[in-house]
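# Results of the structural survey
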Amino acid sequence: MTLRYARSTQRVEDVAIELRDLRETVTDWTDRRAVELPIFARHCAILARLIGDMLAALDQDLAAAPLEDTGATYEACRAIEQGIAVVRRLFDWYRMRYDQRDDPALRDVLHAADRVVRSCWAPAFGHLPEPPPGPLPYVDARFDAMATVRETVPVDLMGPADSVVADFVRILPVPTIALPFAVRHASWWLAVIAHETGHHVEFDADPALREQRDAAIAAVVTDARWLKWSNEVFADVYSSLALGPAAAWTVEELVHATEARRMIPTDRYPPPAVRLALLAHAGRDGAPQESWPAYEAATDDVTVRDWFAAVPAVSVALAGLPVADRALDRVLVPRPDWFGQGGRVQEWATQLLRAQPVFIPRTDVRPAPRLLVASGVMAYRHLAATADGPVAEADRRRLHDNLLEALLTAGELGTLEEAPDATRPDLTVLSRSLVARLREHLVAAS
């Protein structure tokens, strides 16, 4: 064996060790997490299959590396190592979000969030034999929440160095929801999950849903700006149907501002006051009387008044969209009296403020987690309305702890759907696409 050939084979072996190490890391982690976090068994199976196929492609490229010319060998190995780095960063991006459940400060609130997600997600897909995997919630350094749906680049991967990783995250069928740090000490803020889940439902339900959404809006309004806002107003209506008045409270807390600013739209959202009017209308059935201000009276702007006037028609149009073979409002609110005076949400809100709450009816039914979160919001609003100044820390802590304890046993046990067949045609097609994109990136980077 020539010295040159020996150097080439050693270089190939070094890269093979890197590949083997990452493959073992991914396999060990996905196998372990599928058992420890059964609610994400489907996620683990998808990640194991798709990341495994990307590593297998790099294995094939390594086996084809030329050995006669050390320069060519090193060039080939360098490209493969760049591919390993991309796959490792992609794996780490997901792994750190699941692994937050090992952090004692986040464990309970994230297990509770998992149940709330399932409670908001399952009604839209429970009728399908092979529903898409539900979203993964995690805590992020932000004051609001954000959904990363397919076709969306995660904000923490927008830098040039991670552009290719962002491309893969955008394609992989493992959606996510970033939660604000406030949920650590104010579990009622898990209410933001409903809006973000609405975004995922919009992207993962029938592909025609977004077209039907825009057609429904266009049929009742003439102002084209409503179509620019359609993603967000759909999620607002979804959250209001799922949580009742609690959905409007979360938005009011996040967008409350001066009267002038409350009338200003953005590219993505109607004016905050118009959003609140839409939320109030969508959650009206069976809901207790709310003390929201008369938004329309706060402006003389004819255009803004037209937007307010369109709210009831837009609300009804979106609530009537077909999801899970039924209108959306029937999917999410089969029992409007849940949110009514003396209903389940109000009863549970009363219990959440007690030292030893007793929940009747039981909380082991599928809608229970989202109804409990709505109850938590109602309970907190009661504390804020009756406190002489800021809510007492002991009262906040009691409500937070009671709500978390209730959520950790609420809803149905299970997963966000069973692990998929690894040979499913859609995963095979996606795998080939990911491998092709990875190789294209390596060619471009070489």
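It should be noted that the structure appears before, not after, this text.
Residues numbered from 1 in each chain as written. Predicted model: local features only at pLDDT ≥ 70, side-chain atom pairs only at ≥ 80, totals over all residues. Heavy atoms only, no water.

### Topic: the nonpolar core
A general feature of soluble globular proteins is that nonpolar side chains tend to end up buried together. So the rule is basically this: Grouping buried Ala, Val, Leu, Ile, Met, Phe, Trp, Tyr and Cys residues that are joined through side-chain atoms within 4.5 Å yields what is termed a nonpolar core. Each residue gets one of three labels from its accessible area relative to the maximum for its type: buried under 20%, exposed over 50%, partly exposed in between, using a 1.4 Å probe on protein chains only. Only DSSP runs of H or I with at least four residues qualify as helices, and only runs of E with at least two residues qualify as strands; both kinds are numbered from the N terminus onward. Note on contacts: a residue pair is in contact if any heavy atoms of the two residues lie within 4.5 Å.
The biggest cluster of nonpolar side chains holds 90 residues, and the ones touching the most others in it are Leu-179, Trp-188, Leu-190 and Trp-226. In terms of residue count, helix α4 (residues 107–125) provides more of this core than any other element does, ten residues in total. Apart from residues no more than four positions distant in its own chain, Trp-188 is found in contact with Trp-249, Val-373, Gly-376, Val-377, Tyr-380, Arg-396, Leu-399, His-400 and Leu-403. If you look at the next biggest cluster of nonpolar residues, it comprises 43 residues, including Trp-29, Val-87, Val-165 and Leu-438.

### Topic: the side chain of Arg-344
We apply this condition: For the charge count, each Lys or Arg is scored as positive and each Asp or Glu as negative, with His and the chain ends excluded. Should a side-chain nitrogen of Lys or Arg be within 4 Å of a carboxyl oxygen of Asp or Glu, the pair is scored as a salt bridge.
Counting through the fold element by element, Arg-344 comes out in helix α14 (residues 344–352). Salt bridges are absent for the buried Arg-344, whose nearest opposite-charge side chain, Asp-337, sits at 7.0 Å. With near-sequence residues (within four places) excluded, Arg-344 lies in contact with Asp-337, Trp-338, Pro-361, Val-365, Leu-371 and Ser-375.

### A few points about the pattern of salt bridges
On inspection of all chains with the given rule, the structure shows 24 salt bridges. As a salt-bridge pair, Asp-114 and Arg-101 come within 2.8 Å of each other at their nearest N and O atoms. Linking Asp-114 in helix α4 with Arg-101 in the loop between α3 (70–99) and α4, this pair joins segments that are 13 residues apart in sequence. Its relative accessible area of 3% is what places Asp-114 among the buried residues. Overall, the relative accessible area of 3% leaves Arg-101 in the buried class. In this structure, a network of salt bridges that share partners links the residues Arg-32, Arg-33, Glu-36, Asp-99 and Asp-102.

### As for the packing of aromatic side chains
To keep things clear, this is the line we draw: Stacked, edge-to-face and tilted are the three classes for Phe, Tyr and Trp ring pairs, Trp counted by its six-membered ring, which pair at centre distances within 6.5 Å; planes under 30 degrees apart are stacked, over 60 edge-to-face, the rest tilted.
Taken as a whole and judged by the stated rule, the model has twelve aromatic pairs. Aromatic pair Trp-229 and Trp-307: ring centres 5.1 Å apart, planes at 80°, arrangement edge-to-face. Of this pair, Trp-229 sits in the loop between α8 (225–228) and α9 (230–243) while Trp-307 is found in helix α12 (residues 302–319), placing the two residues 78 residues apart along the sequence. What makes Trp-229 buried here is its relative accessible area of 1%.

### A word on the environment of Ala-191
Note that Ala-191 resides in the loop between β3 (176–179) and α6 (192–204). The exposure class assigned to Ala-191 is buried, which follows from its relative accessible area of 3%. Each C-alpha atom, one on Ala-191 and one on Ala-113, is 9.3 Å from the other, the two residues being 78 residues apart in sequence. With near-sequence residues (within four places) excluded, Ala-191 lies in contact with Leu-243, Thr-250, Val-373 and Val-377.

### A look at the pairing of strand β1 (residues 136–139)
Consecutive side chains along a regular strand alternate between the two faces of the sheet. Note the following rule: Paired strands, in this sense, are two strands between which DSSP finds at least two bridges.
Of the two faces of β1, both are covered, the one formed by Leu-136 and Tyr-138 as well as the one formed by Pro-137 and Val-139. Pairing analysis gives four bridges linking β1 to β3, with the strands arranged parallel. Counterpart to Tyr-138 in the pairing with β3 is Ala-178.

### What to know about the environment of Leu-209
With respect to the secondary-structure elements, Leu-209 resides in helix α7 (residues 209–218). Looking at Leu-209, the relative accessible area reads 1%, which means it is buried. Through-space distance from the C-alpha of Leu-209 to that of Leu-321 is 7.7 Å; in sequence the pair is 112 residues apart. Apart from the residues within four sequence positions on either side, Leu-209 is in contact with Val-201, Glu-202, Phe-234, Leu-321, Pro-322 and Val-323.

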